[in-house]
Every structure is written in structure tokens, then in C-alpha cells.
Amino acid sequence: MKKPKWVVEKEQSKRAASKETVWLFGLHAVRDALENPARVKLRLVVTLNAQAKLQDAIDKAGITPEVSDPRKFAAPLDPQSVHQGAALEVKALDWGKLEDICVGQPGRAPRVVMLDRVSDPHNVGAILRSAEVFGACAVIAPARHSAPETGALAKTASGALERQPYLRVGNLSQAMERLRDMGYLLLGLDGTADKTIEEALDGQSDRPVALVLGAEGPGLREKTRETCDSLVKIAFAGDFGSLNVSNAAAVALYASQEK
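Quantities reported herein were computed from a predicted structural model and do not represent experimental measurements.

What counts and what doesn't
Residues numbered from 1 in each chain as written. Predicted model: local features only at pLDDT ≥ 70, side-chain atom pairs only at ≥ 80, totals over all residues. Heavy atoms only, no water. Core = buried A, V, L, I, M, F, W, Y, C linked by side-chain atoms within 4.5 Å. Buried < 20%, exposed > 50% of the residue type's maximum accessible area, 1.4 Å probe, protein only. Helix = DSSP H or I, 4+ residues; strand = E, 2+ residues; numbered from the N terminus. Contact = heavy atoms within 4.5 Å. Salt bridge = Lys/Arg side-chain N within 4 Å of Asp/Glu carboxyl O. Polar contact = N/O pair within 3.5 Å; in protein donor to acceptor, adjacent residues only side chain to side chain. Phe/Tyr/Trp six-rings, centres within 6.5 Å; stacked < 30°, edge-to-face > 60°. Pairing = 2+ DSSP bridges. Axes fitted to C-alpha atoms, helices over the stretch in contact; angles between N-to-C directions. Parallel < 35°, antiparallel > 145°, perpendicular 65-115°, else oblique. Left-handed = near helix turned anticlockwise from the far one by under 90°.

Trainee: Explain the nonpolar core to me, please; I cannot follow it from the model alone.
Mentor: By size, the foremost hydrophobic cluster in this structure holds 51 residues, and its most contacted members are Leu-115, Leu-128, Tyr-166 and Leu-213. No other element matches helix H10 (residues 245-255), which puts 6 residues into this core. Once you skip the residues sitting within four places of it in the chain, Leu-128 turns out to touch Val-139, Leu-153, Ala-157, Ala-160, Leu-161, Gln-164, Pro-165 and Tyr-166. With 19 residues, the next largest nonpolar core counts Leu-98, Cys-137, Leu-179 and Leu-186 among its residues.

Trainee: Even after reading the chapter, I still don't get the pattern of salt bridges, so can you show me in this structure?
Mentor: Note that side chains of opposite charge can pair when their charged atoms are close. Under the definition given, this model contains 13 salt bridges. Arg-31 is the partner of Asp-56 in a salt bridge, and the nearest nitrogen-oxygen pair spans 2.9 Å. In this pair, Asp-56 sits in helix H3 (residues 48-61) while Arg-31 sits in helix H2 (residues 27-34), placing the two residues 25 residues apart along the sequence. On the basis of relative accessibility, which here comes to 22%, the residue Arg-31 falls in the partly exposed class. Of the charged contacts in the structure, one is a salt bridge between Asp-190 and Arg-225, with a shortest N-O distance of 2.4 Å. Of this pair, Asp-190 sits in the loop between strand E8 (185-189) and strand E9 (195-196) while Arg-225 is found in helix H9 (residues 222-227), placing the two residues 35 residues apart along the sequence. Here the salt bridges do not stand alone but share partners, grouping Arg-31, Glu-35 and Asp-56 into one network.

Trainee: In this structure, what is going on with the side chain of Asp-116? I would like to understand it.
Mentor: On the secondary structure map, Asp-116 appears in strand E5 (residues 111-116). For Asp-116, a relative accessible area of 0% corresponds to the buried category. A polar side-chain atom of Asp-116 sits 2.9 Å from a polar atom in the side chain of Thr-224. Leaving out residues up to four positions away in the same chain, Asp-116 has contacts with Leu-172, Leu-213, Gly-214, Ala-215, Gly-219, Leu-220, Arg-221 and Thr-224.

Trainee: How should I be thinking about the environment of Gly-183 in this particular structure?
Mentor: Here Gly-183 shows up in the loop between helix H7 (172-181) and E8. Judged by its relative accessible area of 28%, Gly-183 falls in the partly exposed class. When sequence neighbours within four positions are dropped, the list of residues in contact with Gly-183 reads Arg-207 and Pro-208.

Trainee: What exactly am I supposed to notice about H10 here?
Mentor: In terms of residue burial, H10 counts as a mostly covered element, since 8 of its 11 residues are buried. Buried within H10 we find Val-245, Ser-246, Ala-248, Ala-249, Ala-250, Ala-252, Leu-253 and Ala-255. Those residues of H10 that are buried are in contact with E5, helix H5 (121-133), E8, helix H8 (197-200) and strand E10 (209-214).

Trainee: Please explain the packing of aromatic side chains as it appears in this structure.
Mentor: The relation between two aromatic rings is expressed through the spacing of the ring centres and the mutual angle of the planes. Taken as a whole and judged by the stated rule, the model has 1 aromatic pair. Between Phe-134 and Tyr-254 the ring centres are 6.3 Å apart and the planes differ by 65°, which places this aromatic pair in the edge-to-face class. With Phe-134 in the loop between H5 and strand E6 (138-142) and Tyr-254 in helix H10, the pair connects residues that are 120 residues apart, well separated along the chain. Phe-134 sits in the partly exposed class, given a relative accessible area of 27%.

Trainee: Please clarify how the sheet that holds E6 should be interpreted in this entry.
Mentor: What holds strands together in a sheet is hydrogen bonding between their backbones, with the strands either parallel or antiparallel. Pairing within the open sheet is parallel, and its 7 strands lie in the order E7-E6-E5-E10-E8-E11-E9. With partners counted over all chains shown, the strands left at the sheet margins are strand E7 (166-169) and E9, one partner each. Pairing of E6 with E7 involves 4 bridges; the strand directions are parallel. Opposite Val-139, over in E7, you have Tyr-166 as the bridge partner. Most of the contacts of H10 go to E10, to which it runs at about 160°, and overall it touches E5, E8 and E10.

Trainee: In this structure, what is going on with the pairing of E8? I would like to understand it.
Mentor: A regular strand places its side chains so that they alternate between the two faces of the sheet. Extensive coverage of E8 is indicated by the burial of 5 of its 5 residues. Here E8 shows two buried faces, one formed by Leu-185, Leu-187 and Leu-189 and the other by Leu-186 and Gly-188. One ladder, built from 4 bridges, connects E8 with E10; its direction is parallel. Bridged to Leu-185 within E10 is Val-209. Inspection of the sheet shows E8 paired to strand E11 (residues 230-233) by 3 bridges, in the parallel sense. Residue pairing in the sheet places Leu-189 in a bridge with Val-232 of E11.

Trainee: Looking at this structure, I do not really get the packing of H2 against H3. What am I missing?
Mentor: Two quantities define a packed helix pair, namely the angle between the helix axes and the distance between the axes. Running from N to C, H2 and H3 cross one another at 15°; their axes reach a closest spacing of 8 Å. Comparing their axes, H3 and H2 come out roughly parallel. For the pair H2 and H3, the sense of crossing is left-handed. Contact with H2, carried on its side by Leu-27, Val-30, Arg-31 and Leu-34, involves Ala-50, Lys-53, Leu-54, Asp-56, Ala-57, Ile-58 and Ala-61 of H3 and no other residues of that element.

This is the structure we're talking about:
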């Protein structure tokens, strides 16, 4: 029997994804990846100076480095990349199922950050750092129109990419519904909303909460807005205020903490 077109396309997409690799660069990002046993490490390119700084992590990973001349660095990176003499080719991390990752830990109300078309890797990297600091279960984004794992994202995340689950899903609204089925309250950030995060969570901060943020400018898409349980805003001291999406995520995570 001939397979349906959607099944064929899904299988092709999976095969293509399995072949994709990512080049991480910078001493911090490369060290954290080397020390992460869940990372599939393929090729390490270092200068002699960087090798000396990373030798303990290299030994731990059991990988043989390729020593390169700093003037003709062998890794295929953008010339503007600040690689500090270290680059590591890896496979993207597989964090597993959303339901397993977002179940949370005993004694703590789970928090999740969901990103609607946030494509700047520097913003996503900074959000991963904040998510790790505030103990979020995951950062979730659509597979399309969002920042994939890249060297720039990993460098901005400053190691958080190796520890903080970053799940890229086929459909963000469907992922939101799956979280709702798990008991999550879905709060979409919108500067024009009537109530603040604290007001929306008054008396129910012990619930699992997903904070949904849109790209700077366009904000949340209509379908994403409609899927949220409530639209909320960050309280500002004056009549007008604006934060970029990474700062907004950090403030929202802090404001949503269980009281």
C-alpha cells in the first residue's frame, strides 16, 4: 500500500534532521558541550592555545582534536564568529517528549516559556539563560520560524543550551493545548492587556504556568492569542514601557514565581 503524502514528508523530514549538524564555537560553549554526555560530538577544531584551556574537557569527552592555525582556522564558521580558537561540530540535542519534560519536579509549580516566531538566536540564547536561572521546565518554540540551535545561540546561552530543554514543536498551538491538558495555565504576554501577571496568578500561583511570548513588533499571532487562557502584561512604573523579548521573559518568569 502506498504511504500517504504526509507520512512520506514526515519521514523525509526526520531523515533530513538526523543528518543535520551544528557548529558550536567559543571556549565556554565548546567546554559545556564537551562535558555534556548527551551531546553527539563529531569534530573538534582548536588552536594550540584553546586546546590547553580545554584539555580537561577534551579528555573527559574522549575526542581527538584537530589542531588548527589561528590565522587559517579550519572550522567552517562565519568570518565574524568570535570562536576564541575552539569549534565543535555536534548533533542537535534530543530532549524527548513535551509531556515528560514539562511534568516538573515535586514541590515546585512548573513554569514553561513558549516563543511564538522568536527567530533571533541572541534573544533565544538569553531566554534559555533566564529559564535556567528561574528553574523553568523548558523553552518551547515552533520548528519553523524560530531560532534553531546555532553557534550564535549557544554562545549567547553561555552553557544553558546544554542544560535547559529547548523543544521545537511542529505546531505551537497544539503544544499549548497539550500543556493545558496537563493542567497548565496559558498566559500570553501583551502590552495592551488589562491585567498584570501577578493579578492573573492571584490565588493560583501554585498552578503550572506557560508564559507565551511573541516576536518583537508583531507580537503573538491571532491563533496563539486565541489559545491562551488570559492575556497579561508586565507592570511598568510609568505610563509607557517597553522591553525586548529576552528581558520580558526574565521579568515574566520572576513575576510568575509561586507565592
